[in-house]
Each structure stands twice: as C-alpha cells, then as structure tokens.
Amino acid sequence: MKSNKRFVVTFGLFILMTISSYCSYAESQYPSALSMDDPLVAELISRPAMGKHALVPEGLEGILEVLEELSCESNFLTFNRYSCAQIKIPSHDGVLLDATIYVPSQLQRGGYPTVVSATGYGANHHLDHPIRSRVLATAGYLVLSYTARGFHESEGLVDIYGPETVQDGSAVIDWLQANYHIGKIATTGISQGGTLALLTAAKDPRVTAVASYSAPIDVGEALYPNHTKNELLFSVYSDNAPTIKKSEAIYSLLDTMDEIRIREAMNIRSPTNYLSDFERNGTAILLSHNYDDHLILVNPTIEFFQKLTVPKKLLLNAGTHGSAEAITEILNLKGYIWQSMFAWFDYHLKDNDNNVLDKPKVAMAHKLGINGIREEYDDWPVTANGTIYYLHPGGVSNFKQGKILSYPYFGSNIIKNFIAGSDTHATAKTLFFGLLLPGLDPGLDLFYDYPSWMKDRRHGISFMSKSLSRELAIRGKPVVDIWVTPHSHEIQLQVYLYDINRLGLGRIISNSPVTLHDAQPGVSQKVRVELSATSYNLARWNRLELVVDTEDPFFIKPENTAYEVSIPFGVESPLKANVSSFYIPHL
C-alpha cells in the first residue's frame, strides 16, 4: 500500500509538472499561445498537488481522470486559438480509428501545417500528449492524434507495425486532405507511435518531416538484442488486456519464440529497412532515444541515424523508455527535446528560417544529467579518441579478481571458470528506483548502489582497474572483445561496465547481453559485445570494473542453465594467444 502511494504521488507530481512546463514553453516560444484562455489547462494548473482537493484524489484512477479532462468532446470545443473534437476516421479497409483533431482558428497561407501522431503500444489518444497537441495547435498547426488500430476504441486488430496498421497513417492523411486545407505534413510519436511515424513516412511521400522518440527501429533486434530474448518487450506483447485486440497470426508467431522466423516477419515492420524510401522522399528525420532504455535498446537508433542521407538530427538523453520525453525532460524544465521538435517542424513545415539544419546533428545529454546540459557534435561517432584496456587474470584461483591494465597479457595459459544457473549482484536494474517505484525503472542511475565487494565469482567474472589519474569523459559505445570457451551449445553472457568510487560502491555505466547459439563446446572463440552508447564522466581516482555473468532480469535466459563458461588467458599455443580487451571512446 505504501509503495502504491509513493507511485501515485510521484506520478501525480509528474502530471502537474508536465502541464506546467508545456504551458511555460508555449508562453516563452509562442507568445500567448497557451495562456489561461484554455479553461481545462487553467483549472488543472490551479489545483494543489496535495491536500483535500489533491491532483490525484483517488489513486491511479484519479490520474487518468485528470488526463481525461484534457480530452476534447465529440462536438468541437472552441478556445482562443484553436478548436478540438473527438472523431472517427475511416481507414483504407473501413476500420474506424478513434482520434482527436485540433484545428487552429487561423488558416495559414498554403494550408494548415499538419502533424499526425499515432499512439504508443496500449495507449489511447486521450492520454497521448494532449498538452503537446494543444501547444502545436495554438502555434498554428493542425494536429491529429489517433489511437493505433486494434487498441481501445479503434477498430481492427493489432498486427505490430504490420501493413494494415502502416496504411492507416496514409488513410488519415487522405481524410485530412479531403476535409481540410492542409499544407506540409509531419508525423510523430513515442515508442510504437515513433515507429509508425517513420513507416508512414517511408511509404507516403506526402510526409515532409518526422520526429520519432524511443522507437523500435529494427523490431527483430529489439526483440532479440544480440540474439538474446528481451524479457521486457516480450512481456509487453504478451499483455492480454481487453483493450488490445490481437491479430492471431503475428502473436502466435511471437509465442513460438522462433528467432529466425520472428526476425523475418519483422523485416517489413522495421524502419531501418526503408533507407532508400526515405532518401527518395527526402524526408527530414529527427530521432530521439535514451541511453538506459532497456525495453528498446539505443544502439539500433544510432546505427539507423548513421545510415540516413536525408536531413537528420539525433538527440541522446538520460533515462529509460520514453522517460526523457515524459519524466526526466520535465524535471529540468528546459524542454530541450520538445523545443527541438518545434524547431524541426517550424523549419520543415512552416518554412521558418531558424537555421535548424546549420546546427550540429547530434545533441547528447549526460547519462546522469537532469540539469539540461547538452553537448553538440557534427555527426556520429562524436569522437575519434579512445583507449583500449586489456583484461588480465588475477591469479590461479577462480576467486581472485582479474585486472584491467594498459597492456595485453601474454603470460602463461590460465583458465578461469564460472557456472550459469544463478545471477550475481551485477544488474542493469537500478536499486534505488526499484524501491521507489516498484515495477518501474526510470533509468536515472544517480546513485552508487552496486557493492563491488559482494561478488559471487562462482557465477561470473570481474576485472578491476587501478584508480584513474584523470577524469574519463566516455562518449559513445564501449566495445568488449573477450575470449570464451563455452561448454554448452547455447550460452548467454551479460556484460556490465561499472564506475567504482573510493568506497567500493558502483554505478552502472553501460551494459549489453549476447547469446551464443550453436556454439562448439570446448572450443574457444572471441566474442565481441557492443555496449549501449552513453555519455558518462568517470571521476578522477575512481576505477573501472567490467563484470561478465550469465543472467539479468531484463532478459530471458536459455532453457538449459546447467552449463559452464571458461575464460582463457595468455599463450595457448605458439600460434594462438587469448588476448581479451575492451575499447572506450572518450573525449
């Protein structure tokens, strides 16, 4: 009960700050755009956060009621600078999509600049950023936010980015063109909505610009990062809530857990496979992703950005899935992410000469930062500098910790062993926020909560550096190359990079899984693991620690966990030396 109250209070404050920050943004960037003319916003702002008439009077239901009050009615509600209404839009096959439309009071020359937004997985348009939509509408944008096919009041079946769902985006644009004088068009969304925004733009040349947030770019890789089953994402897709009407074909395939067939099915559902379409259409693409997004890992978004040849922008943020757009970004009241979107749309849809394309293409927040500081770079990778660190055995005993040194180990052949079947203290899940918000993990790794001395080296191996003589400003994707000898046909490795302070407490810098299928038992091989990209400053006198074990709560382990892993070091033969290392890109 106490944990539920903590959740309610925290989420309630988040709602209040969301409303306040959007209103603040509208007033500062679009003068008088969203003043107290809007009685719904005015009423919500005036509510106290606590007390008898609290913002969240009756738990989570109260939060939903607050957001529902921002919903428009079936008949047009008219405010100072826009009108809004709930509508039904017929799609290409007659399916009716539930939606809200926001229409500016003043028609601009060339038609309304238009923003189309599909909801995230499981969400409905009532709760899909109603404040953002109102800010855009007051700034002269026609905004249409619709609930994706098969969710809530939208008809049809959920096919997970399938052809029917993607065609809905074009059907919405058809309906807008038939009913309103619209100008240039952008698509946007968070998570599922961000993927649909990109897929719609790939298929429909009428879309001029995209702003996509925390979206699966390679859906197969999102489900199987480095061939490892993503526990969080599979759990989302296994939700059988009555508000989700599932297509049996795609969900029965997911139930098989057949990686090869699932990846094949997800190829047509993945924006990364439509690069030539974006280039042909000349679509301007803004991407945003968060370093500690364990639901949808960040690296595929960066790789997609690198391949794009169209006008592009990449925002990398602190937080986990969608949190920078919702929680972390709100706490600092800087509004960088949303300011970037508004500037992107102003340039590409309104032809405002705001020099957005003359600015650096990559903007990185600090992994720990909620202070709004951004570093800007011309492209990715952001630095050509880096250091290779080498892994050394700590001695003959398995229980002696390994070392991280600046030179390779070419000593006598030493083998360290550990067994699967149990986890170690190393984990991607943060302890503090796991206690604060049970079941949630905002990914704000603000605290040193990993006790580096509490290691179970029967089930993993760790390597520690000496104290660093200078600060290490990590920028990019650390890469680990480690020799392993599997003793089973299928093994899983979880790799973690930690910052260890002078008290021996650790804070995670980055991590990544890898699963080897059809491995040759007893045969050593080098395994390369790209850790998630990050921006992290390791303080002077702190140490680096690399930990490798076989389990993490965010990923599904192999059915057979009764296996052993050996890590060989040194000269195995005159022709073979097992040199393990990792590379850290830094400023």
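Our subject is the structure listed above.
Residues numbered from 1 in each chain as written. Predicted model: local features only at pLDDT ≥ 70, side-chain atom pairs only at ≥ 80, totals over all residues. Heavy atoms only, no water.

What follows covers the overall build of the protein. Check the secondary structure of the protein and you find 15 helices and 26 strands. When the 587 residues of the protein are sorted by exposure, 59% land in the buried category. Of the contacts made within the protein by residues no fewer than 6 positions apart, 76% connect residues no fewer than 24 positions apart. About 23,300 Å² of surface is accessible on the protein, with carbon and sulfur atoms providing 54% of the total. (Helix = DSSP H or I, 4+ residues; strand = E, 2+ residues; numbered from the N terminus. Buried < 20%, exposed > 50% of the residue type's maximum accessible area, 1.4 Å probe, protein only. Contact = heavy atoms within 4.5 Å. Areas by Shrake-Rupley, 256 points an atom, 1.4 Å probe, with all protein chains shown as cover.)

Most of strand 6 (residues 182–190) is tucked away, with seven of its nine residues classed as buried. In terms of strand pairing, strand 4 (residues 112–118) meets strand 6 through five bridges, oriented parallel. Looking across to strand 6, one finds that Tyr112 is bridged to Ile182. Alignment of strand 6 against strand 7 (residues 207–213), held across six bridges, turns out to be parallel. Looking across to strand 7, one finds that Thr187 is bridged to Val210. (Pairing = 2+ DSSP bridges.)

Another aspect to go through is the environment of Ala473. Along the polypeptide, Ala473 turns up in strand 17 (residues 472–476). The contacts of Ala473, once residues within four sequence positions are left out, are Tyr536, Asn537, Pro585, His586 and Leu587.

This part is about the pattern of salt bridges. Scanning all chains against the criterion turns up 16 salt bridges. A salt bridge links Arg263 to Glu221; its shortest N-O distance comes to 2.9 Å. Taken together, the positions of Arg263 in helix 10 (residues 259–266) and Glu221 in helix 7 (residues 219–223) put the pair 42 residues apart, joining distant regions of the chain. The salt bridge involving Arg280 is made with Asp277; its shortest N-O contact spans 2.9 Å. (Salt bridge = Lys/Arg side-chain N within 4 Å of Asp/Glu carboxyl O.)

Another aspect to go through is the side chain of Thr100. Take Thr100: it is sitting in strand 3 (residues 96–104). Given the relative accessible area of 2%, Thr100 is considered buried. With residues up to four places along the chain from it excluded, the contact list for Thr100 reads Cys72, Ala85, Gln86, His125, Val143, Leu144 and Ser145.

Our focus in this paragraph is unusual backbone geometry. Cis geometry marks the peptide bond from Trp380 to Pro381; its omega dihedral reads 0°. Relative to the elements of secondary structure, Pro381 occurs in the loop between strand 11 (374–377) and strand 12 (386–392). The phi torsion at Asp351 lies on the positive side, around 60°, for a residue other than glycine. Considering the arrangement of structural elements, one finds Asp351 in the loop between helix 14 (336–350) and strand 10 (362–365).

Across five bridges, the pairing between strand 12 and strand 26 (residues 581–585) is antiparallel. Bridge pairing links Ile388 to Tyr583 in strand 26. Examined bridge by bridge, strand 12 and strand 13 (residues 402–405) share three bridges and lie antiparallel to one another. Residue pairing in the sheet places Tyr390 in a bridge with Leu405 of strand 13.

Right, let's get into the nonpolar core. Within the largest apolar cluster, 71 residues are counted, with the highest numbers of intra-cluster contacts made by Leu144, Leu176, Leu223, Tyr237, Leu254, Phe278 and Trp380. With six residues, the single largest contributor to this core is helix 6 (residues 192–203). Once residues within four sequence positions are removed from consideration, Trp380 is found in contact with Ile302, Phe305, Gln306, Leu316, Val362, Met364, Gly476, Lys477 and Ala533. If you look at the next biggest cluster of nonpolar residues, it comprises 38 residues, including Leu368, Leu472, Leu516 and Phe582. (Core = buried A, V, L, I, M, F, W, Y, C linked by side-chain atoms within 4.5 Å.)

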